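# Observations on chain architecture
For reference, the chains in residue letters:
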Amino acid sequence: MTSDAATATSTTRTTPPPEGPAPDQEPPALGLGASLPPADARAKTEGTFPYAADLWAEGLLWAALLRSPHPHARIVSIDTAAAAGMPGVRAVVTHEDIPGDGSYGRRVVDRPVFASELVRHHGEAIAAVAADHPDTARLAAAAITVEYEVLEPVTDPEKAFAAEPLHPDGNLIRHIPLRYGDPDAVGEVIVEGLYRIGRQDPAPIGAEAGLAVPRPDGGVELYTASTDPHTDRDLAAACFGLDPERVKVVVTGVPGATGDREDPGFQIPLGLLALRTGCPVKLAATREESFLGHAHRHPTLLRYRHHADAEGRLVKVEAQILLDAGAYADSSSESLAAAVAFACGPYVVPHAFIEGWAVRTNNPPSGHVRGEGAMQVCAAYEGQMDKLAAKLGIDPVELRLRNALSTGDILPTSQTVTCPAPVAELLGALREFPLPALPKDTPEDDWLLPGGPEGAGEPGAVRRGVGYALGMVHMLGAEGADEVSTATVRVHDGVATVICAAVETGQGFTTLARQIVQETLGVEEVHVAAVDTDQPPAGPATHGRHTWVSGGAIERAAKMVRTQLLQPLAHKFGMSTELLQIADGKITSYDGVLSTTVTEAMEGKELWATAQCRPHPTEPLDESGQGDAFVGLAFCAVRAVVDVDIELGSVRVVEMAVAQDVGRILNPSQLATRIEAGVTQGIGAALTENLRTARGLIRHPDLTGYALPTSLDAPDIHIVKLVEERDVVAPFGAKPASAAPVVTSPAAVASAVRAATGRPVNRLPIRPQAAVATPKS
């Protein structure tokens, strides 16, 4: 779908709020369904919220890391004498100061804290220094002399299979061959495609920072922006040679996280330096160090062949998926499982044959970034659907509707879709939503040309394109991951406190925790305790886990407190607690005989309860890629409208329309914010975000060379429809909100650019040369 377009007029953001109560109903002021603002919103707005970089302690020392300038090299020698002898330097540590083999890993123990014999990626840590001033620490780190034997880096993942092993575990991290249906099935129409997805960086608002404080018992406390404190504690304790009980992780303010906070490579050197010096030690990474140190989205190469009948119904999908894991395994196995399992998308495919590999290279490390695995394949299978529609002469939306997945259908992993799957409903809502008005050719609106203010484009070279995409993500962990969380709810003097080690990373969990307790107990004032490892574990803040498992644990604990509160009243009036209800801060019986306030019933009491939530188990994919690997699924549809200067190849996203399967709306304003943020991150992956490397070296590791979308790049984002069909196995019936639009939006933008230019657009981010086309007459 294309149409000629000149310069666009300025428009006002008109995002409608998510669907809420009926017009004749007042939205709730408290509890689930209310747009309760975050408790820390004012502090963050005023700049008084304490983040990890704001930490301070008496007698503080500063840390700095020495990192490798090479992507692949043999370490001949390390000389720390000059650094250790500098005035103000208190300690220098290398691999020789770490007990055992000095390796760690959240999923696979294969990554050294400090490189010892080999450097495997640009920026790998070699040593750490503690000094009495940050400048002294950095100068001392630079004074460490390392003699390298530079080796040829392996940077092409296709060549990693035949290359010499980069690691004792080999170059192949995982291979998943998915086999489903008849390998001899053939469609009447076949389309093929080769797709490449770039390296997206999480680019957090604040770079990594932390503080380590030694304890009198010989242990250490780590104050960091961790998203999985208990796992970080256990990894650090192993590297320190300490029992986990002697290491405590205290979570400080997290300045945003999309997976990048999972790498403990910053906090382990901190702890080592604190233990060595007996003083508090702080590390605040520069933006360059942040880019070099944490994990990025897996660059991916995808080859696809789609078979369909003459009516456009899919017959078979064949694909090869190659993930570049970088130097270490990290979450590559899990990312590959998602990529292979969702390689066909939210479509009914009777026959599927997918080969997936994750391999080590000397490129920067890859790991968990929101929608990992699913985003890469979405861009590819939606590109294939556009090709198929063009070859068959079928409207792209109609083709997708003919193949849309629904509840009861079977995935290529043989898992039955038991959760709500309103894929056709989502896409139908987008098709009915009005398109934005065509731009006007007026000189005062030249700044809206693709390319931005003062752009060199001409209105006559601008073409408008409309594209659609469907995406899916899994919820919680997968393949047998033990998903469990523990929470305690305590009420005293009418004030409730929630104790749960679920980390607030910006996803709004602490607000949700308050709403759950308000809904269950009718208590207005609810506080959420700070997170540390003295609390029972709650697991990582990924895949919407905390909405489900931690929210479920809080709800169960609150219901147990509710029973404790209501039992004496029920006994007094000779009825069961099921006949009493709490609403608007009041306790009433079904017959109206009992009516009192929660505050009165709570007077003089302290009630508390602890509960766990553990979803039903999953299983690993077998040798044929089969198995019930996922707890649940969430779906999203996105329509993108773009203006493309077909002479310059510049692209401006005019509008993004979203329809999403959310299960249940728990906080309307928070949900809208999460969806808009996910769409914007997806636009970045589609158009600008690519951490470029040259022979393994990161080029321009800063926010000047890495182009994040800004407010000027964000288009009008319309939330067209939110389907509230509750998943019966999920607490509250809700589904995660932010990953699905991240997965789907890049594919929609690529589809729209295809529509505007007629070019294949098989690489993300989209290069200008891919958007250049011959002007239409």
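Located above this text is the structure these notes cover.
About the thresholds
- Residues numbered from 1 in each chain as written.
- Predicted model: local features only at pLDDT ≥ 70, side-chain atom pairs only at ≥ 80, totals over all residues.
- Heavy atoms only, no water.
- Helix = DSSP H or I, 4+ residues; strand = E, 2+ residues; numbered from the N terminus.
- Buried < 20%, exposed > 50% of the residue type's maximum accessible area, 1.4 Å probe, protein only.
- Contact = heavy atoms within 4.5 Å.
- Axes fitted to C-alpha atoms, helices over the stretch in contact; angles between N-to-C directions.
- Parallel < 35°, antiparallel > 145°, perpendicular 65-115°, else oblique.
- Left-handed = near helix turned anticlockwise from the far one by under 90°.
- Polar contact = N/O pair within 3.5 Å; in protein donor to acceptor, adjacent residues only side chain to side chain.
- Salt bridge = Lys/Arg side-chain N within 4 Å of Asp/Glu carboxyl O.
- Expected span 1.5 Å × (residues − 1).
- Bend = angle between axes of the 7 residues up to and from the residue.
- 1 Å grid on protein atoms, 1.4 Å probe; cavity = no way out; pocket = protein on both sides within 12 Å on 5 of 7 lines; lining within 4 Å.
- Points joined across faces, edges and corners; volume = space filled by probe spheres on them.
- Nonpolar A, V, L, I, M, F, W, Y, C, P; charged D, E, K, R; others polar.
- Pairing = 2+ DSSP bridges.

On to the side chain of R545, then. Note that R545 resides in helix α12 (residues 545-572). For R545, a relative accessible area of 2% puts it in the buried group. With near-sequence residues (within four places) excluded, R545 lies in contact with L476, E483, V484, A538, G539, P540 and S550.

All right, on to the packing of helix α8 (residues 374-392) against helix α15 (residues 739-757) then. One way to put it is that α8 packs onto α15 with a least axis distance of 8 Å and a crossing angle of 30 degrees. The orientation of α8 with respect to α15, classified from their angle, is roughly parallel. Like other packed secondary-structure pairs, α8 and α15 cross with a definite hand, here right-handed. Between α8 and α15, the residues in contact are A374, M375, C378, A379, E382, G383 and D386 and V742, V743, T744, P746, A747, S751 and R754, respectively.

By the element assignment, E578 lies in the loop between α12 and β23 (580-583). For E578, a relative accessible area of 66% gives the class exposed. With 12 residues separating them in the primary sequence, E578 and L566 have C-alpha atoms 9.2 Å apart. At 3.5 Å, the side chain of E578 forms a polar contact with the side chain of T577.

In this chain, L764 is followed by P765 through a cis amide linkage whose omega measures -5 degrees. The phi dihedral of S414 falls on the positive side, at around 75 degrees, and the residue is not glycine.

Moving on to the pattern of salt bridges. Tallied over the full model, the rule gives 35 salt bridges. Note that E152 is salt-bridged to R695, the shortest N-O span being 2.8 Å. Of this pair, E152 sits in the loop between β9 (145-150) and β10 (172-180) while R695 sits in the loop between β29 (693-694) and β30 (697-698); the two residues are 543 residues apart in sequence, bridging distant segments of the chain. Each of the two residues, E152 as well as R695, counts as exposed. What emerges from the salt-bridge pattern is a single network uniting E192, R305, K316 and E318.

Turning our attention to α12. Between the first and last C-alpha of α12 there are 40 Å, a value that for 28 residues agrees with the 40 Å anticipated at 1.5 Å per step. Along α12, the largest kink reaches about 35 degrees and is centred on L566; proline P568 follows within four residues of it.

Looking now at empty space enclosed by the protein. Taken as a whole and judged by the stated rule, the model has 5 cavities of 30 Å³ or more. Of the voids in this model, the largest cavity is the one considered here, and its volume is about 660 Å³. Every residue lining the largest cavity is counted, 38 residues in all, and those nearest its centre are Q507, G544, R674, A737 and S738. Looking at the lining of the largest cavity, its residues break down into 14 nonpolar, 18 polar and 6 charged.

It is worth spelling out the layout of surface pockets at this point. In this model, the second largest pocket occupies a volume close to 1100 Å³. Every residue lining the second largest pocket is counted, 41 residues in all, and those nearest its centre are I205, G256, G506, R674 and A677. Secondary structure elements with two or more residues in the lining of the second largest pocket: α1 (41-46), α11 (509-521) and α14 (668-687). With 7 residues, the top contributor of residues to the lining of the second largest pocket is α14. Here the residues of the lining of the second largest pocket are counted per class, giving 16 nonpolar, 16 polar and 9 charged.

The sheet built from 4 strands is open, its strands ordered β22-β21-β20-β26 with mixed pairing. Of all the strands in the sheet, just β22 (526-528) and β26 (606-613) have a single pairing partner and so form its edges. Geometrically, the sheet is characterised by an average inter-axis angle of 20 degrees between neighbouring strands, direction not taken into account. Along the sheet, α11 makes contact with β20 (485-492), β21 (495-500) and β22, crossing β22 at roughly 145 degrees. This element, α12, spans β20, β21 and β26 of the sheet and lies at about 145 degrees to β26.

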